[in-house]
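An overview of the molecular structure
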Amino acid sequence: MTVLESLIAELKDVCAGLPDQRKGPRRDGEYTMADIGLSAFSVFFMGSPSFLGHQRALAEGHGRSNCQTLFGMTAIPTDAYIRQMLDHAPPASFDPLFFKAIETDGVRAPFQRLGGRVLIALDGTEHFCSRKIHCSHCSTRKRSDGGTEYFHSFLGASIVAPGHQQVLPLPPEFIAPQDGAEKQDCERNAAKRWLARHGPAAAHLRPVFLGDDLFACQPIAAVIQQAGGNFILTCKPASHQTITEYLTGAELEEHRQTVVTRGKRTTTIYRRLSAVPMRATDDALIVNWFSIEILNGKGKRTYYNSFITDLPVTASTVAELAACGRARWKIENETFNVLKTNGYNLEHNFGHGKETLASVLVTLNLLAFAFHTAARLAMLAWREAVIARGATYRFFEHLRTVTAYVVFETWDHLLRSIAAAAVRPP
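Residues numbered from 1 in each chain as written. Predicted model: local features only at pLDDT ≥ 70, side-chain atom pairs only at ≥ 80, totals over all residues. Heavy atoms only, no water.

**Overview of the overall build of the protein chain**
Note the following rule: A run of H or I in DSSP counts as a helix once it spans at least four residues, and a run of E counts as a strand once it spans at least two, with each numbered from the N terminus. Note on method: radius of gyration uses C-alpha positions; expected globular size equals 2.2 Å times residues raised to 0.38. Between buried and exposed lies partly exposed: a residue is buried under 20% and exposed over 50% of the maximum accessible area for its type, with that area taken using a 1.4 Å probe on protein chains only. Contacts between residues were defined by any pair of non-hydrogen atoms, one from each residue, lying within 4.5 Å. Computed with the Shrake-Rupley method and a 1.4 Å probe, the accessible areas treat only the protein chains shown as cover for residues. Neither His nor the chain termini are counted; the positive set is Lys and Arg, and the negative set is Asp and Glu. Where a charge sits is defined by one atom per residue type, namely NZ (Lys), CZ (Arg), CG (Asp) or CD (Glu).
When you go through the protein chain residue by residue, the secondary structure sums to 15 helices and 12 strands. Against the globule reference of 22 Å for 426 residues, the protein chain gives a C-alpha radius of gyration of 24 Å, in line with a compact fold. Referenced to the eigenvectors of the C-alpha coordinate spread, the extents of the protein chain come out at roughly 80 × 60 × 45 Å. When each of the 426 residues of the protein chain is scored for burial, the buried share is 51%. Considering only contacts within the protein chain whose residues lie at least 6 apart along the sequence, 64% involve residues at least 24 apart. Of the roughly 19700 Å² of accessible surface on the protein chain, a fraction of 50% belongs to carbon and sulfur atoms. Charge-centre separation for the protein chain: the mean point of 46 positive side chains lies 6 Å from the mean point of 41 negative side chains.

Right, here's the structure in full:
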């Protein structure tokens, strides 16, 4: 069994255990919850809203389809029925599958930094907005014209690494109205819940959590440590008065690196200060502060940022710590932007529902992205197929096209056919 087949088999087991709203004994030919969940997932995995329609046509003509051979489904339910049956499913049911992906052989090693640690970037993003469609889990905001806007957002977590093109999403934590809360939910509260729920599952990865200035506060830092992790968090002077006061007039240790690449000279200056309190209270956490400044050949600053961390900062470690801190942007550019613009259509309303449907579909979309990353890192056949097409988006174009007309026996059969088509037709 290939990596992909193993992950899909795990997903099938999870889908089979989803709550079934139907009452009474099951009738012959009635769709199983596994068929329903896998059908929704297959649309995101193949990057094709029409995938199920094409497979129904194949099943009529050939007696079977790629839904059966590739995803292990027994029948293909309608889109409306899928939405109806998944509207009460708990999105958290799929959480363990994200961690299954990182445990796949060959997946974790490329992400390890700082002596075998794994970097987990946290950030929030919006995935739905409407003035008409809404549910009990929607957040709201008033617009300048007096109208009410309903929206869904979530806190994302992605495993990232400087110098590595791939990212691996982890389970989302949805930012939604909480029982008994007077104020609307926010990213910080969602981060606390994420760490409480998933901190134990991630602890063996020796995680270092990355976040922007919003997360650089003592409550978040304390929860990270309680979850068994460390942190490198962006620290803006304007929002950290106590740290700024300590830096004023202090003698900062400095480390410079100058490199010449293709005739262009770049100087990187690292500055650091140890044992700085996060806030002006007796119980303040003590952190280490460091900054990175990049100058071009003319001495003009082209980049500057500063961070706080609970890891030791020395002349020999500051450069790698700075690179890891800067990798935080990958959750914006290589996770959220990819999900919104590169075929995953994160902000498209695939189905809103009245209860959990919108959150379930977003979770399946993220899971498809995670499985794609695991397959890219762990499967030679997947990499060969992508390389043969010349670009990832062209690989997915071929994936969508050929599966609309041909039934493939296995994923290996499909991937090798795509790779071979660069030389000869399958």
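This is not the end of the story, as more comes after the structure.
**Remarks on the layout of surface pockets**
What counts, and what does not: Cavities and pockets were defined on a 1 Å grid built over protein atoms only: a cavity is a set of grid points that admits a 1.4 Å probe from which the probe cannot escape, a pocket is an open set flanked by protein on both sides within 12 Å along at least five of seven lines, and lining residues are those with an atom within 4 Å of any such point. Grid points are joined across faces, edges and corners, and a volume is the space filled by probe spheres set on the points. Any residue outside Ala, Val, Leu, Ile, Met, Phe, Trp, Tyr, Cys, Pro, Asp, Glu, Lys and Arg is labelled polar, Gly included; the first ten of those are nonpolar and the last four are charged.
The volume enclosed by the largest pocket comes to roughly 590 Å³. Lining the largest pocket are 22 residues, with Val-338, Asn-342, Tyr-344, Thr-392 and Phe-396 positioned closest to its centre. Contributing elements (two or more residues each) for the lining of the largest pocket: α2 (33-46), α11 (330-341), α12 (357-378) and α14 (392-402). Take the lining of the largest pocket: its biggest share by element is 5 residues, from α14. Its residues assigned to classes, the lining of the largest pocket comprises 10 nonpolar, 8 polar and 4 charged. Quantified by volume, the second largest pocket comes out at close to 310 Å³. If you trace the second largest pocket, you find 19 residues lining it, with Pro-91, Glu-173, Phe-174, Ala-176 and Ser-359 closest to the centre. For the lining of the second largest pocket, the secondary-structure elements that each account for two or more residues are β4 (148-160), β6 (173-175), α7 (187-202) and α12. Looking at which element gives the most residues to the lining of the second largest pocket, the answer is β6, with 3 residues.

**Regarding the environment of Leu-18**
You can see Leu-18 is positioned in the loop between α1 (3-16) and α2. Taking the C-alpha atoms as reference points, Leu-18 and Val-260, separated by 242 residues in sequence, lie 57 Å from one another. Setting aside residues no more than four positions away along its own chain, Leu-18 makes contact with Met-33, Leu-86, Ala-89, Ser-93 and Phe-94.

**Details of empty space enclosed by the protein**
Across all of its chains, the model carries 3 cavities of 30 Å³ or more by this definition. Forming the boundary of the largest cavity are 14 residues, of which His-127, His-348, Phe-350, Ala-358 and Val-362 lie nearest the centre. Secondary structure elements with two or more residues in the lining of the largest cavity: β2 (117-130) and α12. Residue contributions to the lining of the largest cavity peak at 4 residues, all from α12. Partitioning the lining of the largest cavity into residue classes produces 6 nonpolar, 7 polar and 1 charged. In this structure, the second largest cavity encloses a volume near 50 Å³. Per-class residue counts for the lining of the second largest cavity are 5 nonpolar, 4 polar and no charged.

**Overview of unusual backbone geometry**
Phi angles above zero are rare outside glycine, and Arg-206 is one such case at about 55 degrees. Positive phi, normally seen in glycine, also occurs at Ala-275, with a value near 55 degrees. Mapped onto the elements of the fold, Ala-275 is located in strand β10 (residues 264-277).

**Digging into the pairing of β10**
Definition in use: Strands are labelled as partners when DSSP assigns at least two bridges between them.
In terms of strand pairing, strand β9 (residues 253-261) meets β10 through 9 bridges, oriented antiparallel. Bridge pairing in β10 places Glu-254 opposite Arg-271. The turn linking β9 back onto β10 is made up of 2 residues, and Arg-262 within it adopts a positive phi angle of 50 degrees. Both β10 and strand β11 (residues 286-295) contribute to a ladder of 9 bridges, which runs antiparallel.

**Looking at the pattern of salt bridges**
Condition: One speaks of a salt bridge when a side-chain nitrogen belonging to Lys or Arg is within 4 Å of a carboxyl oxygen belonging to Asp or Glu.
Enumeration according to the criterion identifies 26 salt bridges in this entry. Residue Glu-30 is joined to Arg-22 by a salt bridge in which the shortest nitrogen-to-oxygen separation is 3.8 Å. Owing to a relative accessible area of 14%, Arg-22 belongs among the buried residues under this scheme. The residue Arg-197 makes a salt bridge to Asp-95 at a minimum N-O spacing of 2.4 Å. A residue pair is termed long-range when its members are at least 10 positions apart, and Arg-197 in helix α7 and Asp-95 in helix α6 (residues 95-102) qualify at 102 residues. Asp-95 gets classed as buried once you look at its relative accessible area, which sits at 7%.

None of this, on its own, says anything about what the molecule does.
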